[in-house]
Amino acid sequence: MTPGSGLQAGLKNRHLSMIAIGGVIGAGLFVGSSTGIATAGPGILLSYALVGTLVVLVMRMLGEMSAANPTSGSFSAHADRALGRWAGFSIGWLYWFFWVVVLAVEATAGAKILHGWIPGVPQWGWALLVMAVLTATNLVSVGSYGEFEFWFAGIKVVAIGAFIVIGALAVFGVLPGVDSDKAGLSNLTAHGGFLPHGPGAILTGVLLVVFSFMGSEIATLAAGESEDPQRAVTKSTNSIIWRIGVFYLGSILVVVSLLPWNDPSIAKDGSYVAALGSLGIPHAGQIMNFIVLTSVLSCLNSGLYTASRMAFSLGQRGDAPKAFAKTTSRGVPMAAIIASVLFGFVAVFFNYKFPDSVFLFLVNSSGAVALFVWLVICFSQLRMRKIIQREAPEKLVVKMWLYPYLTWATAALIVFVLGYMLTDTEGESSGRVTVELSLGVAALVVLIAVVKQKVLDARKPAEVPAAPEAEADKVSVG
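Keep in mind it's a predicted model, so treat the numbers as computed, not measured. All chains use their own residue numbering, which begins from 1 and follows the written sequence. The predicted nature of this model means local features are confined to residues of pLDDT at least 70 and side-chain atom pairs, given and counted, to a pLDDT of 80 or more, with totals for whole chains, interfaces and linings taken over all residues. Water and hydrogen atoms were dropped before computing side-chain values, which therefore reflect all heavy atoms in the structure.

J.: What's the story with the overall build of the protein chain in this structure? I'm lost.
T.: Comment: elements are numbered from the N terminus, with helices defined as DSSP H or I runs of at least four residues and strands as E runs of at least two. Within the protein chain, the regular secondary structure consists of 20 helices and zero strands. What you see for the protein chain is a C-alpha radius of gyration of 22 Å, in line with the 23 Å of a compact globule of 478 residues. On the principal axes, the C-alpha backbone points of the protein chain span a range of 80 × 50 × 40 Å. Evaluated residue by residue, the protein chain yields a buried proportion of 56% over its 478 residues. In what follows, a contact means two residues having at least one pair of non-hydrogen atoms within 4.5 Å. Of all intrachain contacts in the protein chain linking residues separated by at least 6 positions in sequence, the fraction that spans at least 24 positions is 81%. Working note: accessible area of the protein chain is about 19200 Å², and carbon and sulfur atoms make up 68% of it. Positive and negative side-chain charges of the protein chain, numbering 30 and 26 respectively, have mean locations separated by a distance of 7 Å. To get the radius of gyration, use the C-alpha atoms; to get the globule rule, take the number of residues to the power 0.38 and multiply by 2.2 Å. The classification of residues rests on relative accessible area computed with a 1.4 Å probe and restricted to protein chains. Under 20% of the type maximum is buried, over 50% is exposed, and intermediate values are partly exposed. Reported accessibility uses the Shrake-Rupley method at a 1.4 Å probe radius. Residues are deemed covered only where the shown protein chains occlude them. Think of it this way: Lys and Arg go in the positive column, Asp and Glu in the negative one, and His and the chain ends go nowhere. Charged side chains are reduced to one point each, which is NZ for Lys, CZ for Arg, CG for Asp and CD for Glu.

J.: How should empty space enclosed by the protein be read in this particular structure?
T.: In this approach a probe as big as a water molecule rolls over the atoms, and the regions it shows empty are the leftover space. Grid spacing is 1 Å over the protein atoms alone, the probe is 1.4 Å, and a cavity is where that probe fits but cannot get out, while a pocket is an open set with protein on both sides within 12 Å along at least five of seven lines and lining residues have an atom within 4 Å of a point. Grid points are joined across faces, edges and corners, and a volume is the space filled by probe spheres set on the points. Applying the stated criterion across every chain, the model contains three cavities of 30 Å³ or more. Within this model, the largest cavity holds a volume of roughly 70 Å³. Residue lining of the largest cavity: N13, L16, S17, A20, R231, A232, K235 and S236, and that is the complete set. Listing elements by their share of the lining of the largest cavity, those giving two or more residues are helix 1 (13-22) and helix 10 (229-238). Its residues assigned to classes, the lining of the largest cavity shows three nonpolar, three polar and two charged. Considering only enclosed or pocket space, the second largest cavity measures out at about 40 Å³ in volume. Every residue along the wall of the second largest cavity is listed here: V55, V58, M59, L62, S216, E217, W374 and I377. If you list the elements that add at least two residues to the lining of the second largest cavity, you get helix 3 (44-68) and helix 17 (369-391). Per-element accounting of the lining of the second largest cavity gives the leading share, four residues, to helix 3. When residues are grouped by polarity, Ala, Val, Leu, Ile, Met, Phe, Trp, Tyr, Cys and Pro land in nonpolar, Asp, Glu, Lys and Arg in charged, and all others, Gly among them, in polar.

J.: What's the story with a nonpolar patch on the surface in this structure? I'm lost.
T.: For patch detection, residues must exceed 30% relative accessible area and be free of salt bridges, and they are connected within 9 Å for like charges or within 5 Å for nonpolar side chains (Val, Leu, Ile, Met, Phe, Trp, Tyr). The salt bridge definition used is simple: a Lys or Arg side-chain nitrogen within 4 Å of an Asp or Glu carboxyl oxygen. Residues W117, I118, V121, I155 and F290 make up a contiguous nonpolar surface patch of roughly 410 Å² in combined accessible area. Secondary-structure assignment places I155 in helix 7 (residues 142-171). Looking at I155, the relative accessible area reads 31%, which means it is partly exposed.

J.: What exactly am I supposed to notice about the confidence of the model for the protein chain here?
T.: Any segment with low pLDDT has predicted coordinates that should not be analysed in fine detail. When the pLDDT values of the protein chain are averaged, the result is 87; 94% of them are 70 or greater. As a per-residue measure, pLDDT reflects the predictor's confidence and takes values from 0 up to 100. With pLDDT under 50 throughout, residues 1-5 is counted as low confidence; its partners more than four residues away or in other chains account for nine contacts. A low-confidence stretch, residues 466-478 stays under pLDDT 50, and its non-local contacts, those more than four residues away or across chains, total 22 contacts.

J.: How should I be thinking about the packing of helix 4 (residues 74-82) against helix 17 in this particular structure?
T.: Two measures define how a pair of helices packs: the angle their axes make with one another and the distance between the axes. Working convention: axes come from line fits to C-alpha atoms, limited for helices to the stretch in contact. Angles between N-to-C directions cover 0 to 180 degrees. In contact at an axis separation of 9 Å, helix 4 and helix 17 are set at 45° when each is read in the N-to-C sense. The orientation of helix 4 relative to helix 17 falls into the category oblique. For the element pair helix 4 and helix 17, the recorded crossing hand is left-handed. In contact with F75, H78, A79, R81 and A82 of helix 4, helix 17 contributes V373, V376, I377, S380, R383 and M384. Looking at the contact of helix 4 with helix 17, its residues break down into seven nonpolar, two polar and two charged. Working definition: roughly parallel below 35 degrees, roughly antiparallel above 145 degrees, roughly perpendicular at 65 to 115 degrees, and oblique for all remaining angles. Should the near helix be turned anticlockwise from the far one by less than a right angle, the crossing is left-handed, and should it be turned clockwise, the crossing is right-handed.

J.: I tried to follow the packing of helix 13 (residues 271-278) against helix 14 (residues 284-316) on my own but got confused; where do I start?
T.: It is the contact of helix 13 with helix 14, at a shortest axis distance of 9 Å, that shows an interaxial angle of 140°. Helix 14 is crossed by helix 13, and the crossing has right-handed handedness. Every residue of helix 14 that contacts helix 13 at Y272, V273, L276 and G277 is listed here: A284, G285 and M288. Residues belonging to the contact of helix 13 with helix 14 are distributed by class as follows: five nonpolar, two polar and no charged.

J.: Would you explain the nonpolar core in this entry?
T.: The nonpolar side chains of soluble globular proteins are, as a tendency, buried together. Core analysis: the biggest nonpolar cluster contains 151 residues, and F75, Y95, W99, V373, W374, I377 and I414 have the highest contact counts within it. Take this core: its biggest share by element is 19 residues, from helix 5 (residues 85-117). Every residue in contact with W374, bar those within four places of it in the chain, is listed here: L54, V55, V58, V210, F213, M214, E217 and I414. Note on terminology: a nonpolar core comprises buried Ala, Val, Leu, Ile, Met, Phe, Trp, Tyr and Cys residues joined through side-chain atoms within 4.5 Å.

J.: I'm lost on the packing of aromatic side chains in this one. Help?
T.: Each pair of aromatic rings taken from Phe, Tyr and Trp, with Trp reduced to its six-membered ring, is defined by centres within 6.5 Å and is described as stacked if the planes are under 30 degrees apart, edge-to-face if over 60, and tilted in the remaining cases. For the structure shown, the criterion picks out 19 aromatic pairs. Centroid distance Y48 to Y248: 5.9 Å. Interplanar angle 40°. Geometry classified as tilted. You can see Y48 sitting in helix 3 and its partner Y248 sitting in helix 11 (residues 240-258), a full 200 residues away along the chain. Summarising the burial analysis for this pair, Y48 and Y248 share the class buried. Summarising the aromatic geometry, the rings of F75 and Y95 are spaced 4.7 Å apart at their centres and angled 85° between planes, so their arrangement reads as edge-to-face. Of this pair, F75 sits in helix 4 while Y95 sits in helix 5; the two residues are 20 residues apart in sequence, bridging distant segments of the chain.

What follows is the structure, encoded as structure tokens:
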């Protein structure tokens, strides 16, 4: 059992391994990559490599802190200790907000696919059904969440692995029964060059692909409910490089090698469907719809789990209603799950009733939260490394490379990406709108955190001021 909580160690090592692998593969990889390819051409590979490097570095920092102190609050709990209550409160609630909005986005995406297969059930009906089933799964036990995620993630992993192998054989002209006249590594340079729209398109591509990487940190939240949290965190942190290299860079390389980047079918059918279609594979669209649906269900399952565990952690620390920190006899934080899914249901309603106003605001105002989370992880790690070294150096089983220089460089890159987003002014969901609305919501949450802390401080009886050394030692590593 997790120390000091009612959560139970119900996740097996195979669950954690698959959660770690599958958490990197979001539905955004299948759905959103076609826009990135159209924007940057084959150069989108550099965009994915840049963001992938960023994620590897951030996950290394998070792995260092989480291996030393595994907790269901993950980076929010670390920020609480390293930067102050206001930071843990703010980033925890922003992250929760992000995932409950994602629940609505993914439920709608899944409902569209299911409605296409069985049109007799309205889309909103499918959305509610999917949400209800996965809510029930999460309410049973953490083990049932892990089991569902094991199979959802397993399907994604096998599908992408098969896609890469089949695609690579076709690119090199050795796939039996297939004669693709378009496939070949020459596609990387033959149609206007590797960067047909210039080097600037790489950064534009970064904006388009950065959000498909969100979810890499789920393994560190889930580790708190595993049999061996430290081992689970260490393993998932050490394997992040090959996971991103294979699943993202490998599969996108296959796509842009099988077809010219400007082939009309990529924009029309989606990059993966177009790639499969070019090989003459029958029912390519339906095969990919099944894989996307699996990714959507996986994202919904993990999103609900993640939101509820963050709410649970906030409740434990007194930053959310105390009911959120209560668990059932099976170690399930029922109130936290129900509150998260209720907000998700409300967001689904807004998606169908007010898609271009209320729901668009929700999506835009949560859009940059991923980057805020990564930035807070950077600053938390800068402080936590010193605390761990002073109090429990033996817990530093995972170490950030080239500390503190690489941490500062990563933080600077994240700030640069946020700044570059402000130059994107096209459309209702432009980078500027996303950053401005997300900053507005973040500022509101930080303000609430500061006011709450001042009220709590005012209620405390006057205490003798602590010496600077004692004040610094108040933060512990668990």
